[in-house]
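What follows is each chain in one-letter form.
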Amino acid sequence: MFERNTKSRLESHPGLTSEAAGLLTDDLILEIFSRLPARSLHRFKCVSVSWRDLITDPANRNELSQTLAGFLYTFPGRRDHHFASVSGDGAAPFDLSLPYLRNDKDDKGITLVDACNGLLLCRRHKKNKATPWKEDDFGFVVCNPTTGRWVELPPQPQAPPRRYTHTASLAFDPAVSFHFHVLHFEETYTGSYITGVNIYSSRTGAWSHRDSSGMVEKVTLFSRSKCVFAGGMMYLMGNLEEMNGEYVLVGVDMDGKVWKTIRTPYGRRFGTIGLSQGCLHYVVASVGDYDAIQVSEIALWCLKDRDSKELVLNHTANINKLMSMTEKMYMVAEIHPDCDTIFLVSFGGDTLAAYDMRHQKVGCILNLEKNTRWFLPYVPLFSESLADEDCR
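As annotated in an unreviewed UniProt entry, the chain carries the name F-box domain-containing protein and comes from Aegilops tauschii subsp. strangulata.

Printed below as a string of structure tokens:
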């Protein structure tokens, strides 16, 4: 073992006096860096060689924010998973089969449900069960694929008659706490609108049920609705049952007491949501004259304030250059967590392209397996903790 060098690497930095540099030990600088988002850390690597070395040192990665590694993706009706690396090397950062979660004696298979800040939420299906969506036919598991640590959640409350639970999501923000929540939304068989949610807290180790009485409108969730945790609330996409299917975002806090709906721009236009730079973002195809979709026009909107119900327009962009380069048509798929870059998937599902909305530039173009339709952004988490004493 060797001791960390706590002597400052910045004593010769031209921007600091000798007195100030003498106070900035590596440990103190690292403590400051640990409170910064990945985007800021990336910029600070350019300040000096010593800062770059401190940020890129593998020994410090447990304490520093990580940036997007790529996307987990799969195909309709399939349980196997693939990985698209944004670095273009094609290498997955972990074993995608998640072998430590599999129990051949009792399990039928593993389905990836959600990802949030380095943790994965999975369904572990039981053998000899004909109805894989009933609560007693599967169990939820949360794992950190970087460390291989995982925890199995206890059985959740049964849905009342004529109700079912399908859409599930994971809420985790290591900058706030190493505890996590799992939300499993309850809907009606008739009309399929939200009636409540089961919430698991790793802090209590138990499930609780909350009804949606705090939500005025009746909202039907999309099939495999995208879920995004931002500012202490979980957001999903759906449509209003009583407003001719108008698209909305639904938000609920981790106590299941605060519910809200947010109207999306353009009403019924295909878009997606994502967490970027700490805020909820919504990206959608713009609308031109006569209310017709201009598939080459993309708009990026942001929810600046958690308490607000209004999305603010950040950027618009024309992706004709991208389409002419690849000779493909695209639809919005994902949003980069650290910058105003969006990811678009080709209509054939075999190409994922990055586009910088701020600078109007085409970025990396990744080749995928065909018919890809579902993506989960993955940011590595090197911490050992799952905030649960029963984790494995």
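(A) Structural view of the environment of serine 87. Take serine 87: it is sitting in the loop between strand E2 (82-85) and strand E3 (107-116). When the C-alpha atoms of serine 87 and leucine 366 are compared, they prove to be 9.4 Å apart, with 279 residues separating the residues in sequence.

(B) Expanded view of the pairing of strand E1 (residues 70-74). Across the five residues that make up E1, a large majority, five, are buried. Two elements, E1 and strand E24 (residues 374-378), share five bridges in a ladder whose sense is antiparallel. Following the sheet pairing, tyrosine 73 is matched in E24 by phenylalanine 375. Taken together, the four bridges between E1 and E2 define a ladder with antiparallel strand orientation. If you follow leucine 72 over to E2, its bridge partner there is phenylalanine 83.

(C) Focus on helix H4 (residues 49-56). Every buried residue of H4 is listed here: Ser50, Trp51, Leu54 and Ile55. On an axial view of H4, the arc spanned by its buried residues comes to 130°, and they lie on one face.

(D) Up close: the sheet that holds strand E20 (residues 330-335). Across the sheet, four strands lie side by side as E20-E21-E22-E23; this open sheet has antiparallel pairing. Looking at strand neighbours, the two that pair on one side only are E20 and strand E23 (361-367), the edges of this open sheet. Looking at each pair of strands side by side, their axes are set apart by 30° on average, direction ignored. In this sheet, strand E22 (residues 351-356) lies alongside strand E21 (residues 341-346) in antiparallel orientation, the contact comprising five bridges.

(E) Just helix H2 (residues 26-33), in detail. All buried positions along H2 are accounted for by Asp26, Ile29, Leu30 and Phe33. End-on view of H2: buried residues confined to an arc of 100°, all on one side of the axis.

Reading the values: rules and limits
Residues numbered from 1 in each chain as written. Predicted model: local features only at pLDDT ≥ 70, side-chain atom pairs only at ≥ 80, totals over all residues. Heavy atoms only, no water. Helix = DSSP H or I, 4+ residues; strand = E, 2+ residues; numbered from the N terminus. Buried < 20%, exposed > 50% of the residue type's maximum accessible area, 1.4 Å probe, protein only. Pairing = 2+ DSSP bridges. Arc of directions from axis to C-beta. Axes fitted to C-alpha atoms, helices over the stretch in contact; angles between N-to-C directions.

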